[in-house]
Amino acid sequence: MSSEQSYPKANALNLSKQDVFKKAEQIAMELGYSIAGDLSTIVTKLGGSIEYVNLEKWYKTQDASIVVHAPDNFQIYISNFTGFLRNRFSIAHELGHYFLHSNRGEKQIQAARSGSDKCEWEANWFAAAFLMPNDKFKEIHKKYSGDMDFVAAHFLVSRKAADVRYQSIN
Ligand SMILES: [Zn+2]
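Anyway, here's the lowdown on the structure attached to this text. (Residues numbered from 1 in each chain as written. Predicted model: local features only at pLDDT ≥ 70, side-chain atom pairs only at ≥ 80, totals over all residues.)

As a further point, take the overall build of the protein chain. When helices and strands are tallied, the protein chain shows eight helices and four strands. Ordered by position from the N terminus, the helices and strands of the protein chain form the series α-α-β-α-β-β-α-β-α-α-α-α. The globule rule puts the C-alpha radius of gyration for 170 residues at 15 Å, and the 15 Å found for the protein chain is close to it. Taking all 170 residues of the protein chain together, the buried fraction comes to 36%. Taking as baseline every contact in the protein chain between residues at least 6 positions apart, the subset at least 24 positions apart corresponds to 76%. (Helix = DSSP H or I, 4+ residues; strand = E, 2+ residues; numbered from the N terminus. Rg over C-alpha atoms; globule rule 2.2 N^0.38 Å. Buried ≥ 20, exposed ≤ 12 C-beta atoms within 10 Å, placed from the backbone. Contact = placed C-beta atoms within 7 Å.)

Here it is as structure tokens:
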């Protein structure tokens, strides 16, 4: 993305949490995502790319954690100094913007990295359900007798992300 290029900010769809969960699980299945699977191959398969950026560029791209140019053509920016688990959640979050807010590239958009508006919530809900589908989550939670460290490790998410998912399911 050149610095002068800029698209409208993503708008929330105002979907319910449950609707976003359902959509995310459907899409994960459609894409053949397997639990704890690699996300960069999913992005590549969709025609997107991920750029890992340093602190300077990270600061400059605050308003564009994802830029969607067209169907099968989008760019995700991830910092090169955050950890693996956080990055996985961030990539799934940006996929949420792609599927929900650009409608698979139909709308050219960009989404800010932070903020607490509805749009960001929707992308977070998407990421949570994409990485931790409801039924599988319950099964694994039971398997590890509710030990959330093991549950988080199973899904390759942070402990915090697993805790939030647990609360949203129960
Ligand atoms: Zn976002």
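What follows is about the nonpolar core. Formed by 43 residues in total, the largest nonpolar core has its most connected members in Phe-126, Ala-129, Phe-130 and Leu-131. Where this core is concerned, the elements lending two or more residues are helix H1 (17–30), strand E2 (66–70), strand E3 (73–79), helix H4 (84–101), strand E4 (109–111), helix H5 (118–131), helix H7 (148–155) and helix H8 (159–169). The greatest single-element share of this core, amounting to nine residues, is contributed by H5. (Core = buried A, V, L, I, M, F, W, Y, C linked by C-beta atoms within 7 Å.)

Quick look at the environment of Ser-16 now. By secondary structure assignment, the location of Ser-16 is in the segment before H1. Taking the C-alpha atoms as reference points, Ser-16 and Arg-159, separated by 143 residues in sequence, lie 24 Å from one another.

Further remarks concern H7. By the burial criterion, the buried members of H7 are Val-151, Ala-152 and Phe-155. End-on view of H7: buried residues confined to an arc of 95°, all on one side of the axis. Just past H7, the residue Leu-156 takes up positive phi, approximately 55°. (Arc of directions from axis to C-beta.)

This part is about the sheet that holds E2. On the basis of which strands lie adjacent, the open sheet formed by four strands has the order E1-E3-E2-E4 and mixed pairing. Either end of the sheet is taken by a strand with one partner, and the two such strands are strand E1 (48–53) and E4. Taking the axes of each pair of neighbouring strands and ignoring which way they run, one obtains an average angle of 15° across the sheet. Two elements, E2 and E3, share four bridges in a ladder whose sense is antiparallel. When the bridges of E3 are listed, Ile-66 appears paired with Ile-76. Against the sheet, H4 makes contact with E1, E2, E3 and E4, and its axis sits at roughly 150° relative to E3, the strand it touches most. (Pairing = 2+ DSSP bridges. Axes fitted to C-alpha atoms, helices over the stretch in contact; angles between N-to-C directions.)

It is worth spelling out H1 at this point. Compared with the 20 Å implied by 1.5 Å per residue over 14 residues, the 20 Å span of H1 between its first and last C-alpha is a close match. If you check which residues of H1 are buried, you get Val-20, Phe-21, Lys-23, Ala-24, Ile-27 and Ala-28. Projected onto a plane normal to the axis of H1, the buried residues spread over an arc of 165° and lie on a single side. Among the exposed residues of H1, those pointing more than 90 degrees away from its buried face are Gln-18, Met-29 and Glu-30. The inward-facing, buried residues of H1 abut H4, H5 and helix H6 (134–143). At the exit of H1 stands Gly-32, carrying a positive phi of roughly 70°. (Expected span 1.5 Å × (residues − 1).)

Next up on the list: the packing of H6 against H8. Orientation of H6 relative to H8, taken along the N-to-C sense of each, is 110°, at an axis distance of 11 Å. Comparing their axes, H8 and H6 come out roughly perpendicular. Of the residues in H8, those in contact with Asn-134, Phe-137, Lys-138 and His-141 of H6 are Arg-165, Tyr-166 and Ile-169. When grouped by side-chain class, the residues that make up the contact of H6 with H8 number three nonpolar, two polar and two charged. (Parallel < 35°, antiparallel > 145°, perpendicular 65-115°, else oblique. Nonpolar A, V, L, I, M, F, W, Y, C, P; charged D, E, K, R; others polar.)

That is the geometry; function is a separate question.
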